[in-house]
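So you can see what is in the structure, the chains are spelled out below.
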Amino acid sequence: NAGVTQTPKFRILKIGQSMTLQCAQDMNHNYMYWYRQDPGMGLKLIYYSVGAGITDKGEVPNGYNVSRSTTEDFPLRLELAAPSQTSVYFCASSYSARGEDTQYFGPGTRLTVL
Amino acid sequence: GENVEQHPSTLSVQEGDSAVIKCTYSDSASNYFPWYKQELGKRPQLIIDIRSNVGEKKDQRIAVTLNKTAKHFSLHITETQPEDSAVYFCAALDSGAGSYQLTFGKGTKLSVIP
């Protein structure tokens, strides 16, 4: 099993550009999450999904969109990139129906917006 | 919403000594408390977790204690080794709230000096 995979690993965007961060998992997990990690600030939840077709906002959803058309994939869309979105983005997945379970993280995408 | 405070932000110990990291949480309904370890440039990985019906849990050199009355929980690492050097994050979850959102602390950078 590859676990949780993310592409790309690195990306530089110009202000106003758009991009999609890809995330896939092969563990048949229903629950998937997108976090951003800023230096010294821990992990903040952007969006999460409890299954195909179901998504919900986390703590910091502004400027982002997600979709979940399959169990395996959970892409994160940035429509109009801003310098405040410079961060490391982690996708994660878990099996549990109530959040009380190990979250398996992907390797991360380091995004810089200039 | 939940608020998790983590202390200290940095911690240096001599190899073989013990390390203690403390977290407090604000929502008395929180009932699940995981700890994640993140090595430099790597993804976070779960090292131990505890549920609110348990006061202490051990796994080899790692232990976590929970005081529900005081709303704080701690990570204890004994006989520290250089490979324990990493950033450690605590988190809290109210699984009964139906939001499935982990709230993370800001992290503690542990350095184990050989």
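For every chain, the first residue of the written sequence is number 1, and numbering continues from 1 onward in sequence order. Each chain is given a letter, starting from A, and each ligand a number, starting from 1, according to the order in which they appear as written. Per-residue local features of the predicted model are confined to residues with pLDDT of at least 70, and side-chain atom pairs are confined, for both listing and counting, to 80 or more; whole-chain, interface and lining totals are unaffected and use all residues. In computing side-chain values, all of the structure's heavy atoms are included and hydrogens and water are not.

Caption draft 1: Structural view of the sheet that holds strand β7 (residues 62–67) of chain B. All names here are of chain B. The rule for pairing is simple: two strands pair if DSSP sees at least two bridges between them. The helix and strand labels rest on DSSP assignments: H or I over at least four residues marks a helix, E over at least two residues marks a strand, and numbering proceeds from the N terminus. Read across the open sheet, the 5 strands follow the order β1-β3-β8-β7-β6; overall the sheet is antiparallel. A strand with exactly one partner marks an edge of an open sheet, and here the two such strands are β1 (4–7) and β6 (56–59). Neighbour-to-neighbour, the strand axes of this sheet turn through a mean angle of 15 degrees, independent of strand direction. As judged from the 6 bridges shared by β7 and strand β8 (residues 72–77), these two strands associate in the antiparallel manner. Bridge pairing in β8 places N67 opposite H72. Geometry is summarised by axes, namely lines fitted to C-alpha atoms with helices restricted to the contacting stretch, and by angles between N-to-C directions that run from 0 to 180 degrees.

Caption draft 2: Seen up close, the sheet that holds strand β7 (residues 64–66) of chain A. All names here are of chain A. The strand order across the open sheet built from 4 strands is β1-β3-β8-β7, with neighbouring strands paired in antiparallel fashion. Here the strands that pair on one side only, and so sit at the sheet edges, are β1 (4–7) and β7. When the angles between neighbouring strand axes are averaged without regard to direction, this sheet yields 20 degrees. Examined bridge by bridge, β7 and strand β8 (residues 76–78) share 3 bridges and lie antiparallel to one another. Within the sheet, the bridge partner assigned to V66 lies in β8 and is L76.

Caption draft 3: Focus on the environment of T65 of chain B. All names here are of chain B. Tracing the sequence through the fold places T65 in strand β7. Taking relative accessible area as the criterion, T65 reaches 23% and is therefore assigned partly exposed. In this structure, the C-alpha to C-alpha distance between T65 and I50, residues 15 residues apart in sequence, is 8.0 Å. Each polar contact in these results corresponds to two N or O atoms within 3.5 Å; when the atoms are within protein, one needs to be able to donate a hydrogen and the other to accept it, and residues that are neighboring in sequence are counted only if both atoms are side-chain atoms. Here the side chain of T65 touches H76 through a polar contact of 3.4 Å, side chain to side chain. Per-residue accessibility, obtained with a 1.4 Å probe over protein chains only, is compared with the maximum for each type, and a residue is labelled buried under 20%, exposed over 50%, and partly exposed between these values.

In short, geometric facts, not functional conclusions.
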